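So you can see what is in the structure, the chains are spelled out below.
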Amino acid sequence: LLDGMTVNLKKGETWFNEYLLIDKNNITVDAYGSGNDPIINGSKEINGWIHEGSGIYSLIVNHAENAQGGGLGNLSRDSVMMTFRPWDTDATTTFASAIDHSFSYVYATKTLYIKSSTDPDLSSLRASTKLFGIETRDDSEILVQNIKITRFSLNAVYFYDCVNCTAKNLTD
């Protein structure tokens, strides 16, 4: 990007596992065309689960795969959000009273665990692994509008020390 540019995102399009880092001034991010607002979706499809027994599955997930760092924020199965369980010693203890389609994450080992009565690889599972959808630091005159920004671990838009920066008409 160069100072003063406009980033136009086509309506009706979706970008998965992406985020936009703005490091210039006087930038506009907007939609064009007709149809539904464009979507920036911070989730990625995950598969390759290992059955640990008793309906518990595990998967190594690299959550720090981008310049901004990362963090596992949420997990969905067939477009339905799953329930988070805080990690408690081991998988058996963590999921002892958990409902089906619950998940937990161990940051030290980057291991995601889920409780499921069926093989999770037979479903569509998506994990949010990016912190922000659009991020800018120490910039000015940034306008982000008319976009759907969803499935990020922390915030859709992150303005840090940004002067005259505006986000409007955004949906999640």
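Residue positions are given per chain, counting from 1 as you read along its sequence in written order. Only residues with pLDDT of at least 70 are given local features in this predicted model, and only at 80 or more are side-chain atom pairs given and counted; all residues enter the totals for whole chains, interfaces and linings. Hydrogens are left out, water is left out, and the side-chain values use all remaining heavy atoms of the structure.

Counting buried residues along strand S15 (residues 132–137), five of its six residues qualify, which places the element largely inside the surrounding structure. Two strands make a pair as long as DSSP finds a minimum of two bridges between them. To qualify as a helix, a DSSP run of H or I must reach at least 4 residues; to qualify as a strand, a run of E must reach at least 2; elements of each kind are numbered from the N terminus. With three bridges connecting them, strand S3 (residues 20–22) and S15 associate as parallel partners. Its bridge partner being in S15, isoleucine 22 is matched across the sheet by threonine 136. Here five bridges tie S15 to strand S18 (residues 155–160), and the two strands are oriented parallel to one another. Each residue of the ladder has a partner; that of arginine 137, found in S18, is tyrosine 160. Relative accessibility under 20% of the residue-type maximum defines a buried residue, over 50% an exposed one, and the middle range a partly exposed one, all with a 1.4 Å probe and only protein chains included.

What follows concerns the confidence of the model for the protein. Confidence scores labelled pLDDT are given residue by residue by the predictor and lie between 0 and 100. Mean pLDDT over the protein stands at 90; residues scoring 70 or higher make up 95%. At the level of individual helices and strands, the protein shows its lowest average pLDDT in S3, which scores 87, and its highest in strand S7 (residues 50–53), which scores 96.

As a further point, take the side chain of aspartate 30. The topology assignment puts aspartate 30 in strand S4 (residues 27–32). Only four residue types enter the tally: Lys and Arg on the positive side, Asp and Glu on the negative side, with His and both chain ends excluded. Just to be clear on terms, a salt bridge is a Lys or Arg side-chain nitrogen sitting within 4 Å of an Asp or Glu carboxyl oxygen. Lysine 11 provides the closest opposite charge to the buried, unpaired aspartate 30, separated from it by 7.3 Å. Side-chain polar atoms of aspartate 30 contact the side chain of glutamine 145, separated by 2.8 Å. At a separation of 2.8 Å, a polar atom in the side chain of aspartate 30 contacts the side chain of asparagine 146. Not counting residues up to four positions away in its chain, the partners in contact with aspartate 30 are Val7, Asn8, Leu9, Gln145, Asn146 and Ile147. Residues adjacent in sequence count toward polar contacts only when both atoms are side-chain atoms; beyond that, a polar contact is any pair of N or O atoms within 3.5 Å, and within protein one must be able to donate a hydrogen and the other to accept it. Residue contacts are counted whenever heavy atoms from the two residues lie within 4.5 Å of one another.

Moving on to the pattern of salt bridges. On inspection of all chains with the given rule, the structure shows two salt bridges. With its nearest N and O atoms 2.6 Å apart, the salt bridge here joins glutamate 135 to arginine 137. Glutamate 135 gets classed as buried once you look at its relative accessible area, which sits at 4%. Residue arginine 137 is classed as partly exposed on the basis of its relative accessible area, which comes to 40%.

Turning next to unusual backbone geometry. What is expected of a backbone is that most residues other than glycine have negative phi and most peptide bonds are trans. Unusually for a residue other than glycine, serine 79 sits at a positive phi of about 70°. A positive phi angle is found at asparagine 169, which is not glycine, with a value near 55°. You can see asparagine 169 is positioned in the segment after strand S19 (166–168). We classify asparagine 169 as exposed; its relative accessible area is 52%.

Attention now goes to the packing of aromatic side chains. To describe a pair of aromatic rings, you give the distance between the ring centres and the angle between the ring planes. Note on aromatic contacts: the rings of Phe and Tyr and the six-membered ring of Trp form a pair at centre separations within 6.5 Å, being stacked when their planes are under 30 degrees apart, edge-to-face when over 60 apart, and tilted otherwise. One pass over the full model with this rule turns up five aromatic pairs. A ring pair is formed by tyrosine 158 and tyrosine 160, whose centres lie 6.2 Å apart and whose planes are at 25°; its orientation type is stacked. With a relative accessible area of 42%, tyrosine 160 lands in the partly exposed category. Criterion for a charge above a ring: Lys NZ or Arg CZ within 6 Å of the ring centre, and within 35 degrees of the ring normal. Of note, arginine 137 hangs over the ring of tyrosine 160, and the distance from its end group to the ring centre comes to 5.4 Å.

Our focus in this paragraph is the state of the cysteines. Note on terminology: a disulfide is the covalent bond linking the sulfur atoms of two cysteines. Two cysteine sulfur atoms form a disulfide, by the criterion used here, when they sit within 2.5 Å. Counted by the stated rule, this structure contains one disulfide. For cysteine 162, the disulfide goes to cysteine 165, at an S-S distance of 1.6 Å. Handedness here is read from the sign of the S-S torsion; for cysteine 162 and cysteine 165, about -55°, the answer is left-handed. The burial state of cysteine 162 is the same as that of cysteine 165; both residues are buried.

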